[in-house]
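Report on the structure
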Amino acid sequence: LISSPTSKRLHIIHIAAEMAPVAKVGGLGDVVSGLSKALQKKGHLVEIVIPKYDCMQYDRVRDLRALDVVVESYFDGQLFKNKIWVGIVEGLPVYFIEPQHPAKFFWRGQFYGERDDFKRFSYFSRAALELLLQAGKKPDIIHCHDWQTAFVAPLYWDIYTAKGLNSARICFTCHNFEYQGTTHASELASCGLDVSQLNRPDRMQDHSSHERVNPVKGAVVFSNIVTTVSPTYAQEVRTAEGGRGLHKTLNAYSKKFIGVLNGIDTDAWDPSTDSFLKVQFNFDDLQGKKENKADLRKHLKLSSADPMQPLVGCITRLVPQKGVHLIRHAIYRTMELGGQFVLLGSSPVEHIQREFEGIAKHFENHPQIRLILKYDEALSHSIYAASDMFIIPSVFEPCGLTQMIAMRYGAVPIARKTGGLNDSVFDVDDDTIPLQFRNGFTFLTPDEQVLIIVC
Ligand code: ADP
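What counts as what
Residues numbered from 1 in each chain as written. Predicted model: local features only at pLDDT ≥ 70, side-chain atom pairs only at ≥ 80, totals over all residues. Heavy atoms only, no water. Disulfide = S-S within 2.5 Å. Buried < 20%, exposed > 50% of the residue type's maximum accessible area, 1.4 Å probe, protein only. Phe/Tyr/Trp six-rings, centres within 6.5 Å; stacked < 30°, edge-to-face > 60°. Helix = DSSP H or I, 4+ residues; strand = E, 2+ residues; numbered from the N terminus. Lys NZ or Arg CZ within 6 Å of the ring centre and 35° of its normal. Near = heavy atom within 4 Å. Polar contact = N/O pair within 3.5 Å; in protein donor to acceptor, adjacent residues only side chain to side chain. Areas by Shrake-Rupley, 256 points an atom, 1.4 Å probe, with all protein chains shown as cover. Nonpolar A, V, L, I, M, F, W, Y, C, P; charged D, E, K, R; others polar. Domains from an automatic or database assignment. Salt bridge = Lys/Arg side-chain N within 4 Å of Asp/Glu carboxyl O. Contact = heavy atoms within 4.5 Å. Buried area = accessible area lost by both parts, 1.4 Å probe.

**Quick word on the state of the cysteines**
Scanning the model with the defined rule gives 0 disulfides in all. Of the cysteine sulfurs around C191, a residue in no disulfide, the closest is that of C144, at 13 Å. Of the residues examined, C191 reaches a relative accessible area of 0% and is grouped as buried.

This is the structure we're talking about:
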């Protein structure tokens, strides 16, 4: 669609719930920024629309200002005003939508996890399209991401093309089919979509119930092209086990469904320029890596007695997908084997967060193990730089970025062979892979015994 050298300069607009580094929860944020920068470098005009969250990192937005215009958008039978802000993030032009709605949708101190997330993001999807219409934009591609902005696809074709916003084709990327945003069908009406037209098995009706609608399914049906974040994951979600109820839909639309492996933003993740690091380094000179390791140990009050003692890193959302049982096991196993282990992560799942808080407390002053249970961008860079090995034992993994960042910072990945990990980490002993591509350790069975053998 966009890689032909003869193709014209395209106008691409991303509508998304995250964008690194200002509003990032996980890989979605990295990819929206990284992909946009890459497209911009190729000469395309790229703009991004995200909500104006109260909890954004405002210090990473340049020239933030409110526009004089007010955009009115429809919701629940009324028009609501939206204040529109513009600013530059990582060299990219960004529109921030601030709804003047009494529910204060993006004034909650967190990005997701609110009871009314469906309302918050269906509202945002509609307001974003309204902004494009009223601003007279004529994009070639509108790119929406995950269930939060999946509404854009049906809204565009059912409502906005008739209003004159009709130059674009819609691309939908699903970064994780685990999250589909399903809800009671009646809720779809709030953003102006026609429930009776859309709550049908061949449109947005969820497979689980006649009374539920599924935004991700809607985007698969209504978009011109549907992508996910790695070729292996694109195969996995076509199966009954992997598709989370959407495998039949994905197979029905297989002609427009493709897996494209994510990459990382090699400017944002560059150990030779990374200002978060104590010492910059590159693959020709790893002396700086040693110094970063020493610095992290000191900072986290880990033993510094043996510079050669291996350090294993792990940076992740602590959710079942990430193989939390294997991460826990790896912590204890690394300790037994005499290594050091640093985990940076936090969990939206209360019992997992509590369990890891217990482990963190247990190892509070331990010379080998440290768990830091929060989101911390700066510390994440230091851990990638300090680690000798990095574990990603995911049960499933659409793409995964941490293995790629780890490799860029000279840490060897230990990964489960699934999804995008299967497309990016190649075992040192795998004879089917040319030697120059082998870059880590992989295992298949997601149980503790297998991880022990790999380690
Ligand atoms: P997912 O999108 O499923 O969370 P990815 O591997 O695609 O997983 O992306 C994770 C991104 O989030 C990486 O950039 C990683 O460094 C970052 N990250 C995850 N947890 C934390 C944390 N606690 N603190 C800082 N960064 C984190």
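**What to know about the packing of aromatic side chains**
Counted under the stated rule, the structure contains 23 aromatic pairs. Ring centres of W269 and Y409 lie 6.2 Å apart, and the angle between their planes is 80°; on these two criteria the pair is classed as edge-to-face. A residue pair is termed long-range when its members are at least 10 positions apart, and W269 in the loop between β11 (257–259) and α9 (287–299) and Y409 in the loop between α13 (402–408) and β16 (412–416) qualify at 140 residues. Taken as a pair, W269 and Y409 share a single burial class, namely buried. Directly above the aromatic system of Y160 lies the positively charged group of K163, at a separation of 5.6 Å from the ring centroid.

**Regarding the site of the ligand**
The environment of the ligand is made up of 20 residues, and the closest members are G27, D30, R317, K322 and Y384. The contact in question runs from an oxygen atom of the ligand to an N or O atom on the side chain of D30, over 2.7 Å. Contacts to the ligand include Y384, whose side-chain N or O atom sits 2.7 Å from an oxygen atom. For the ligand, whose free accessible area comes to 570 Å², the fraction covered by protein is 93%. Contributing elements (two or more residues each) for the shell around the ligand: α1 (27–41), β12 (311–317), β13 (340–346), α12 (377–386) and α13. Across the shell around the ligand, the residue classes tally to 7 nonpolar, 7 polar and 6 charged. Of the residues that make up the shell around the ligand, three or more belong to each of domain 1 (11–259) and domain 2 (287–454).

**What about the pattern of salt bridges?**
All chains considered together, the criterion is met by 22 salt bridges. E397 is the salt-bridge partner of K322, the closest N and O atoms lying 2.9 Å from each other. Note that K322 is positioned in the loop between β12 and α10 (324–337) and E397 in the loop between β15 (389–392) and α13, a separation of 75 residues in sequence. By relative accessible area, which is 14% here, K322 ends up buried. Within the structure, one salt-bridge network assembled from shared partners comprises K37, E90 and D265.

**Side note on the domain arrangement of the protein chain**
Under the domain assignment used here, the protein chain contains domain 1 (11–259) and domain 2 (287–454). With 16 residues of domain 1 at the interface, the matching set in domain 2 holds 14 residues. Each partner contributes to the roughly 1,200 Å² buried at the junction of domain 1 and domain 2, and carbon and sulfur atoms together form 54% of this total. Across the contact surface, domain 1 and domain 2 share 0 salt bridges. At the boundary of domain 1 with domain 2, the tally comes to 8 residue pairs in polar contact (both at pLDDT 80 or more). When contributions to the side of domain 1 that touches domain 2 are tallied by element, the ones reaching two or more residues are α1 and α7 (231–236). Per-element accounting of the side of domain 1 that touches domain 2 gives the leading share, 4 residues, to α7. Grouping the constituent residues of the side of domain 1 that touches domain 2 by class yields 6 nonpolar, 5 polar and 5 charged.

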